[in-house]
Amino acid sequence: MEEITEGVTNINIAGDSQKKNRIQVSNTKKPLFFYVNLAKRYMQQHNEVELSALGMAISTVVSVAEILKNNGFAGEKKITTSTVEIRDESRGRPISKAKIEIVLGKTEKFDELMAAAAEERAGDGEEQT
């Protein structure tokens, strides 16, 4: 029983260290616009969002950032690239993976654009009824 309690405590500690405005992007789990919309929500709450990806998911993170920038929602604050070592359990040796972190901040027009998008969605709902 003590081992289970110790494991739960360790999980809580690990979960607390993650930033609340970080999105870890995968290129297989969710569609691109899931991450775009999630990033918008994070920017509403925290004024900035950190997009993070490893390996093949890097192109997804760059696409999300470019969509937000090109549509006037976000501006680039910081881009960091690095290489991380991940242990491959099947081969038993470490593998190097490319990593990117992009920090985006709200633009001055962010709130105005979000309000216009909300009005547009409300208008679409009225037309269909």
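Before reading further, recall that the structure is shown in the block above.
Residues numbered from 1 in each chain as written. Predicted model: local features only at pLDDT ≥ 70, side-chain atom pairs only at ≥ 80, totals over all residues. Heavy atoms only, no water.

**Student:** Just give me the short version of the pairing of strand E4 (residues 93–106), but keep the residues and values in it.
**Tutor:** Where strand E2 (residues 48–54) and E4 come together, seven bridges link them in antiparallel fashion. Looking at E4, one finds that Val-49 is bridged to Leu-104. Pairing of strand E3 (residues 74–88) with E4 involves 14 bridges; the strand directions are antiparallel. Its bridge partner being in E4, Glu-76 is matched across the sheet by Leu-104. Between E3 and E4, which pair antiparallel one after the other, the connecting turn spans four residues, and Gly-92 there sits at a positive phi close to 75°. (Pairing = 2+ DSSP bridges. Helix = DSSP H or I, 4+ residues; strand = E, 2+ residues; numbered from the N terminus.)

**Student:** Kindly report on the pattern of salt bridges, identifying the contributing residues and their values.
**Tutor:** Summed over all chains, the structure comprises seven salt bridges. One salt bridge connects Arg-22 with Glu-101, and the closest N-O pair in it is separated by 3.8 Å. Of this pair, Arg-22 sits in strand E1 (residues 22–24) while Glu-101 is found in strand E4, placing the two residues 79 residues apart along the sequence. Of the charged contacts, one joins Glu-48 and Lys-77 as a salt bridge, the two residues approaching to 2.8 Å between their closest N and O atoms. Within this pair, whereas Glu-48 is found in strand E2, its partner Lys-77 is found in strand E3, the two being separated by 29 residues in sequence. Through salt bridges that share partners, Arg-22, Glu-50, Lys-99 and Glu-101 make up one connected network. (Salt bridge = Lys/Arg side-chain N within 4 Å of Asp/Glu carboxyl O.)

Without other data, these values stay purely geometric and don't point to any function.
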